[in-house]
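So you can see what is in the structure, the chains are spelled out below.
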There are 2 protein chains.
Amino acid sequence: MTHLPSKSVAGELDILRQIRARVGAGRRTGMRLGIGDDCALLRLQAGEEVAVTTDLSIADRHFRLDWHTPESVGHRTLARGLSDLAAMGARPIAAFLSLGLPRALTVDSQNGTRSWADRFYDGLLALAATYKTPLGGGDLAESPIALADIVLVGAVPAGRALLRSGARAGDFLYVTGSIGGSAAGLEQLGHWNSAGDKKSARKIPSRLAEPLAPHLYPQPRISQGLWLQRRGVATAALDISDGLSTDLAHLCEESRVAAEVDAAALPVHPGASLAQALHGGEDYELLFAARATARLPRSIAGVAISRIGRIVARRREQPAVTLLTAEGPRPLEAQGWEHFS
Amino acid sequence: MTHLPSKSVAGELDILRQIRARVGAGRRTGMRLGIGDDCALLRLQAGEEVAVTTDLSIADRHFRLDWHTPESVGHRTLARGLSDLAAMGARPIAAFLSLGLPRALTVDSQNGTRSWADRFYDGLLALAATYKTPLGGGDLAESPIALADIVLVGAVPAGRALLRSGARAGDFLYVTGSIGGSAAGLEQLGHWNSAGDKKSARKIPSRLAEPLAPHLYPQPRISQGLWLQRRGVATAALDISDGLSTDLAHLCEESRVAAEVDAAALPVHPGASLAQALHGGEDYELLFAARATARLPRSIAGVAISRIGRIVARRREQPAVTLLTAEGPRPLEAQGWEHFS
């Protein structure tokens, strides 16, 4: 439902009324009806099809209330969904948020500090504004643990979406931006927090703002995905959410190919290790394949493009992904980052 | 994401592979690409717009693991979402499910009984098959509590969706089917379970199957919503999820009108009380307004249509909804059913 639910969380109606006022239902292109009815209504342009993705974030699994500020959790929740649209080359139309929160997180503190929920929406709506993605609705319920399920609806010209399944032997492999920065930032966030013993996240000091940014405020590559889709140069694409080793294995599985990655060519984020670049998830960079004859620019919309390897034919009993190093080739096992488990 | 996530719940990959096989990605009209990529891709027919709704169900708030069978929880999860589409007069295109489950619910028991998750999908996919709604994707994560967020995407001819905002003074009010049956069933379920002290739901005996059906297996009124949308007779509509008193207040608020309900005309479900019919939620019947000159049939697609009152002008300091009884009129306060709180 996208209507205002009945009283169930303290101040729930107030929260939803505020949100409804902040998102300005129906003003943006494509969203004809937002919060306030049984469904939101979205309109496509001629020849487009709908792209839909959902991502569930749960406290202590995808974020920690004692490490991450509410603004960062809100930002990261939406970034996960926008990144899936980017990976398809889709333009965002609207986001929908189902939020489950303990009652204490929905009320302002006694000294007047705004509630966790309010600050979560600050982070989410700031990123939504950057990518012109209105909040079309959602649901809010009391829950013993904090959780957020984000739904993104986008549009892409029919038949032109970037799929995982089109890579062919001989294609080159590329990534946008740099990788490993989110895992390195998470490690630093852990070190910084391990001293304290507290229930809510501390304010990030300015000296840590830059090294932690790839983890706390990852940027979905919407412009780069749209560029690839419009030029038609990518044969396959996905976003690096689980880590390069895991996501490249997905691409190989869906395309029924294998891949070689050149370790020396990886755009490792400053301060990150090779292991973090290979296995650290949540970078939300795009990983894509393109014909060897395709000419890729050095950057797209201000974000660097690096050629990191190539697609090869799949052979029985051979690893799907091989890492080429100075010491020779070795199999690259899928080892998705295990966050907090 | 709609891809197969990395290992995080015991047997998660197995579960998702099974689901992918069961839903038959891409076969149904409208869903061009299902589980297996960053997004699902859906195609509309010419002149349609997209309807989107999300509903979050959380253990001990929307269902109880010790009362509801997993099949019923799966059915009810999807029914909530389908009912929102019905209330807009939309046809379903695809459903997306984000599921958070404790590890124990994802594994088969030692004596070979199928897992809670498997049986949840049985219930959900059986209803999905009835309404030809493929599962287009979703997310699965380990969670300390059981929760399910359902997203429904539908389509409706542009400008013809049933909104909450079009009712005008002089319109008559109608409901489909009967109301109060879900609340009455929940009460019986509680009585039946109060004796035992156990962790998982007991099999429903056949003598209780019929009285509990409106609660355990509510039917979304998709056909009735489509009929109203195609005939263009409803000036406003929504589904009764929070209870007639609460949902009618929503309709009045969005339409800026008031309403009178004739207590004697309410189609109270056999075995339900008047209070359950007025305030019991989760009936998932449609509540709609139509011009007094409109001719409504006695039933639509086999479900009775009852005229229960009329829309009147909103007056300052008058109740939004008035109940007309044999003892005279009285204000009808919104008292949405409080499930398990």
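### A short note on helix 2 (residues 70-88) of chain A
Residue and element names in this part refer to chain A.
And step 1. Relative to the 27 Å expected for 19 residues at 1.5 Å per residue, helix 2 spans 28 Å between its end C-alpha atoms, a close match to the ideal helical length.
And step 2. Extensive coverage of helix 2 is indicated by the burial of 18 of its 19 residues.
And step 3. Once helix 2 ends, the next one or two residues include Gly89, with phi positive near 75°.

### A short note on the relation of the copies chain B and chain A
And step 1. When chain B is fitted to chain A, the residual RMSD is 0.0 Å, and the transformation amounts to a turn of 180° plus an axial shift of 0.0 Å. The symmetry that links the two subunits is that of a two-fold axis. For chain B, the residue whose C-alpha comes nearest the rotation axis is B:Asp149, separated from it by 3.6 Å.
And step 2. With an isologous cut-off of 70% or more, the 100% of interface residues of chain B that recur at the interface of chain A puts this contact in the isologous class.

### Description of the packing of aromatic side chains
By convention here, two paired aromatic rings are described through the distance between centres and the angle between planes.
And step 1. Per the stated rule, a full pass over the model turns up 6 aromatic pairs over all chains.
And step 2. Pairing A:Tyr174 with A:Phe288 gives two aromatic rings, centres 5.2 Å apart and planes at 15°, and the pair type is stacked. With A:Tyr174 in strand 7 (residues 172-176) and A:Phe288 in strand 10 (residues 286-290), this residue pair connects regions lying 114 residues apart in the sequence. For the pair A:Tyr174 and A:Phe288, a shared accessibility class is recorded, and that class is buried.
And step 3. With 5.5 Å between their ring centres and 25° between their planes, B:Trp116 and B:Phe120 make a pair best called stacked. Here the residue B:Trp116 and the residue B:Phe120 both occupy positions in helix 3 (residues 116-130), the gap between them amounting to 4 residues, near one helical turn.
And step 4. Assessed through its relative accessible area of 12%, B:Trp116 is described here as buried.
And step 5. Among the aromatic residues, those joined into a ring-pair cluster are A:Trp116, A:Phe120 and A:Tyr121.

### Regarding helix 3 (residues 116-130) of chain A
And step 1. Spanning 15 residues, helix 3 of chain A covers 22 Å between terminal C-alpha atoms, matching the ideal 21 Å at 1.5 Å per step.
And step 2. Just downstream of helix 3 of chain A, A:Lys132 is the residue with a positive phi angle, here 50°.

### Let's talk about the layout of surface pockets
Residues and elements named next belong to chain B.
And step 1. Considering only enclosed or pocket space, the largest pocket measures out at about 350 Å³ in volume.
And step 2. Forming the boundary of the largest pocket are 15 residues, of which Ala104, Leu105, Ser115, Trp116 and Ser200 lie nearest the centre.
And step 3. When the residues that make up the lining of the largest pocket are grouped by side-chain class, the tally is 7 nonpolar, 4 polar and 4 charged.

### Remarks on the pairing of strand 4 (residues 91-101) of chain B
Residue and element names in this part refer to chain B.
And step 1. Judged by how many residues are buried, strand 4 sits mostly within the fold: 11 of 11 residues are covered.
And step 2. Two strands pair when backbone bridges link them, and strand 4 and strand 6 (residues 147-157) are joined in this way by 9 bridges, in the antiparallel orientation. Its bridge partner lying in strand 6, Phe96 is registered against Val151.
And step 3. Pairing between strand 4 and strand 5 (residues 135-142): 7 bridges, direction parallel. Looking at strand 5, one finds that Leu97 is bridged to Gly138.
And step 4. Of the crossover connections in this fold, the one passing from strand 4 over helix 3 to the parallel strand 5 is right-handed.

Parameters and conventions
Residues numbered from 1 in each chain as written. Chains lettered and ligands numbered in written order. Predicted model: local features only at pLDDT ≥ 70, side-chain atom pairs only at ≥ 80, totals over all residues. Heavy atoms only, no water. Helix = DSSP H or I, 4+ residues; strand = E, 2+ residues; numbered from the N terminus. Expected span 1.5 Å × (residues − 1). Buried < 20%, exposed > 50% of the residue type's maximum accessible area, 1.4 Å probe, protein only. Least-squares fit on C-alpha atoms with pLDDT ≥ 70 in both. Contact = heavy atoms within 4.5 Å. Phe/Tyr/Trp six-rings, centres within 6.5 Å; stacked < 30°, edge-to-face > 60°. 1 Å grid on protein atoms, 1.4 Å probe; cavity = no way out; pocket = protein on both sides within 12 Å on 5 of 7 lines; lining within 4 Å. Points joined across faces, edges and corners; volume = space filled by probe spheres on them. Nonpolar A, V, L, I, M, F, W, Y, C, P; charged D, E, K, R; others polar. Pairing = 2+ DSSP bridges. Right-handed = clockwise from strand over helix to strand, strands pointing away.

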